[in-house]
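The primary structure of each chain is shown beneath.
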Amino acid sequence: MIDKFVRSMAEAMDGIKDGSVVLLGGFGSVGQPDALLDGLIEQGARDLVVVANNAGSGHVGLARLMELGRVRRIVCSFPRSAGSVVFEELYRAGKLELEIVPQGTLAERMRAAGAGVGAFFTPTSVGTKLAEGKEQREINGRMMVLEHALHGDIALVEAWQADRWGNLTYNKSGRNFNAVMATAARTTIVQTHHVAELGSLNPEAIGTPGIFVDRVLHVPG
Amino acid sequence: MSLWTRTEMAARVAADIPEGWYVNLGIGIPTMVADHVAPEREVIFHSENGVLGMGPAPVTGHEDKWLINAGKQLVTLRAGGAYVHHADSFAMIRGGHLDLCVLGAFEVAENGDIANWATSENDTAPAVGGAMDLAAGARRLWVMMEHTTKDGRSKLVKKCGYPLTALACVKRVYTNMAVLEVTNAGFKVVEMAPGVTREALIAATIAELTF
């Protein structure tokens, strides 16, 4: 019998190594896997590369992980926001590497990774400083920039419902980066608000099929 | 001379959006455009965090923390709306499916270049968000901005000084002084705010204007 549910946070976080590339779902505070981030803080892995749209706020979750010196490099589209004090301080002090990626290119790099596409050409960022040093080619009369797939070792995802096969649904705008990140990591770890019986989720409404999911922890909202 | 207020600018942009268009409104002043499209006119608003068919802010008591827009404000979903994940949301943008995107800007050049994401080459903490995807991907890009900076410098320029967001993609600019088309011959003035004279507009603008 397949059962991807884990019984404890320790089990959910088991085996995350130093130096891992960690993909984070969420956009702002919606769909952010807060409990799993706390679990990662507790688990202790360091020298992490974090891929997320935002760079945390306040002194909790991702911001706390960075504040503890556990993140070497962050890849994101919009690190600066109200409350991103930890990010700004570490960045100014040169204690955090930053790679800025246009939001759509970021999402597409994970989609490519999840789909086995090595790299792709896009017109986004042509002529800007974010395209500097990257291969460019004219395709169908338009200049395009080569962008590479971005694979994760770990993805941390927040779902609304999950069954024991790891089929997930999302809630409204909480789908955001979660469904993309889930496809692009070697190990995808999910926190879910609700547990669903196998077969009770509408197959038409499953946002992430269980094939992309490795571990699920029930974290009631 | 009376300049258009932000509300009047938003209403002016809204009046130019035909029913049936799929539209993304950038963070800041462009967001106000939605307030000037009557609900019975079916313009479909897209928010890059995966909301297609976004409605106005919720009424008190009906807020849902799971439903936000790209500016992280609480919003609603109108009948016919849909939720998608980020890669699909940006496929709508990057695949040329949006009829229109309205963005704010620091500068627009007379060839349609736009600079709207960083004010220096060495920003302490740059942040681009979806601006480059929207500028390069939407079928039409309109810019809504003040005509000049607070210290009176023209934001319509011959060549952008700030880091670029995208090349030659702005089609129309709505400022508090005028509405301008970007043409092969530079900015062409379509309309001026009441009481703004040609002379005043030319004096406030570094870029060349045609009338």
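Rules used throughout
- Going along each chain's sequence as written, the residues are numbered from 1 onward.
- Ligands are numbered from 1 and chains lettered from A, in the order in which they are written.
- Two thresholds apply to this predicted model, a pLDDT of at least 70 for residue-level local features and 80 or more for giving and counting side-chain atom pairs, whereas whole-chain, interface and lining totals are computed over all residues.
- Comment: elements are numbered from the N terminus, with helices defined as DSSP H or I runs of at least four residues and strands as E runs of at least two.
- With C-beta atoms placed from the backbone, the exposure class of a residue follows from how many other C-beta atoms lie within 10 Å of its own: 20 or more, buried; 12 or fewer, exposed; in between, partly exposed.
- Here, residues touch in the contact sense if the C-beta positions derived from the backbone fall within 7 Å of one another.
- C-alpha atoms define the radius of gyration, and 2.2 Å times the number of residues to the power 0.38 defines the globule rule.
- We call Asp, Glu, Lys and Arg charged. Ala, Val, Leu, Ile, Met, Phe, Trp, Tyr, Cys and Pro are nonpolar, and the rest, Gly among them, are polar.
- What makes two strands pair is DSSP finding at least two bridges between them.
- Convention adopted: a line fitted to C-alpha atoms gives each axis, helices being fitted over their contacting stretch, and angles between N-to-C directions are expressed from 0 to 180 degrees.
- pLDDT measures the predictor's confidence residue by residue and takes values from 0 up to 100.
- Put simply, angles under 35 degrees are roughly parallel, angles over 145 are roughly antiparallel, angles from 65 to 115 are roughly perpendicular, and the rest are oblique.
- If you view the pair so one helix is near and one far, a crossing is left-handed when the near helix is turned anticlockwise from the far one by less than a right angle, and right-handed when it is turned clockwise.
- Note that the arc is defined by the directions from the helix axis to the C-beta atoms.
- By convention in this section, buried Ala, Val, Leu, Ile, Met, Phe, Trp, Tyr and Cys residues joined through C-beta atoms within 7 Å make up a nonpolar core.

Participant: Before we go on, may I ask you to explain the overall build of chain B in this structure?
Facilitator: Secondary structure assignment for chain B yields four helices and 13 strands. Taken along its principal axes, the extent of the C-alpha atoms in chain B is 50 × 40 × 30 Å. With 211 residues in all, chain B has 46% of them scored as buried. Once local pairs closer than 6 in sequence are excluded, the contacts in chain B between residues at least 24 apart make up 63%.

Participant: I keep staring at the overall build of chain A and nothing clicks. Help me out?
Facilitator: Looking only at helices and strands, chain A features six helices and eleven strands. The C-alpha radius of gyration of chain A comes to 18 Å, within 12% of the 17 Å expected for a compact globule of 221 residues. Over its C-alpha atoms, taken along the principal directions, chain A stretches across nearly 50 × 45 × 30 Å. For chain A, contacts bridging at least 24 residues in sequence account for 75% of all contacts bridging at least 6.

Participant: Hey, could you run me through the interface of chain A and chain B in this one?
Facilitator: When the parts come together, some accessible area is lost, and that loss is often what is quoted as the size of the interface. Each partner contributes residues to the interface: chain A has 37 residues there, and chain B has 33 residues. Broken down by secondary-structure element, the contributors of at least two residues to the side of chain A that touches chain B are α4 (85–92), α5 (103–115) and α6 (178–181) of chain A. With six residues, α5 of chain A is the single largest residue contributor to the side of chain A that touches chain B. By residue class, the composition of the side of chain A that touches chain B is 15 nonpolar, 14 polar and eight charged.

Participant: Looking at this structure, how should I read the sheet that holds strand β9 (residues 156–157) of chain B?
Facilitator: Strand pairing within a sheet occurs via backbone hydrogen bonds; the two strands may be parallel or antiparallel. Residue and element names in this part refer to chain B. Spatially, β7-β6-β9 is the arrangement adopted by the three strands of the open sheet, whose pairing is mixed. Edge positions in the sheet fall to β7 (114–115) and β9, since each of these pairs with one other strand and no more. Both strand β6 (residues 107–109) and β9 contribute to a ladder of two bridges, which runs parallel. Within β9, the residue paired with V108 across the bridge is L156.

Participant: Looking at this model, I keep getting lost on the sheet that holds strand β5 (residues 119–122) of chain A. Mind explaining?
Facilitator: Residues and elements named next belong to chain A. Here three strands make up an open sheet; going across it, the order is β5-β7-β6 and the pairing antiparallel. Pairing within the sheet leaves two strands with one partner each, and these edge strands are β5 and β6 (136–139). On average, each strand axis in the sheet is tilted by 40° relative to the strand beside it, whichever way the strands run. This element, α5, spans β5 and β7 (142–148) of the sheet and lies at about 150° to β5.

Participant: Looking at this model, I keep getting lost on the confidence of the model for chain B. Mind explaining?
Facilitator: Parts of the model with low pLDDT should not have their predicted coordinates read in detail. Residues with a pLDDT of 70 or more make up 98% of chain B, whose mean pLDDT is 95. Interface confidence for the predicted complex, given as ipTM, is 0.95, next to a pTM of 0.96.

Participant: Sorry, what's going on with unusual backbone geometry here?
Facilitator: Across residues other than glycine, the phi torsion is negative in most instances, and most of the peptide bonds are trans. All names here are of chain A. One non-glycine residue, D47, lies in positive phi territory at about 60°. Considering the arrangement of structural elements, one finds D47 in the loop between α2 (34–43) and β2 (48–51). Overall, D47 belongs to the partly exposed group, with 13 C-beta atoms counted inside 10 Å. Here K172, not a glycine, exhibits a phi torsion of approximately 50°, which is positive. The class of K172 is buried, set by 20 C-beta atoms lying within 10 Å.

Participant: Can you walk me through the packing of α5 of chain A against helix α2 (residues 86–94) of chain B in this structure?
Facilitator: What describes two packed helices is the angle between their axes and the distance between those same axes. Across the interface, α5 of chain A lies against α2 of chain B with an axial gap of 9 Å and an inter-helix angle of 125°. Classified by the interaxial angle, the pair formed by α5 of chain A and α2 of chain B is oblique. The two elements α5 of chain A and α2 of chain B cross, and the hand of that crossing is left-handed. Touching Q103, G104, A107, E108 and R111 of chain A of α5 of chain A are H86, A87, F90, I93 and R94 of chain B, all from α2 of chain B. Partitioned by chemical class, the residues of the contact of α5 of chain A with α2 of chain B number four nonpolar, three polar and three charged.

Participant: Got a minute to help me understand α4 of chain A in this structure?
Facilitator: Three- or four-residue spacings in an α-helix give side chains the same orientation, since the helix completes a turn every 3.6 residues. Residues and elements named next belong to chain A. For α4, the full list of buried residues reads V86, F87, L90 and Y91. Projection of α4 onto a plane perpendicular to its axis shows the buried side chains occupying an angular sector of 125°, all on one side. One or two steps after α4, the chain reaches G94, where phi turns positive at roughly 75°.

Participant: Looking at this model, I keep getting lost on helix α1 (residues 6–15) of chain B. Mind explaining?
Facilitator: Residue and element names in this part refer to chain B. Every buried residue belonging to α1 is among M9, A10 and V13, and all of these are buried. For α1, the arc enclosing every buried residue in end-on projection is 100°, short of the 170-degree limit, so these residues lie on one face. Facing away from the buried side of α1, by more than 90 degrees, are the exposed residues T7 and A15. Buried residues in α1 make contact with β5 (100–103), β8 (141–144) and β10 (170–174).

Participant: What is the right way to look at the nonpolar core in this model?
Facilitator: If you look at soluble globular proteins, the nonpolar side chains tend to sit buried side by side. A155 and M181 of chain A together with A135 and V143 of chain B are the most contacted members of the largest nonpolar core, which totals 130 residues. When residues of this core are assigned to their parent elements, the largest contribution, seven residues, is made by strand β8 (residues 152–162) of chain A. Excluding its chain neighbours within four sequence positions, the residues that come into contact with A155 of chain A are L23, M181, A182, A184, A185, T188 and I189 of chain A.

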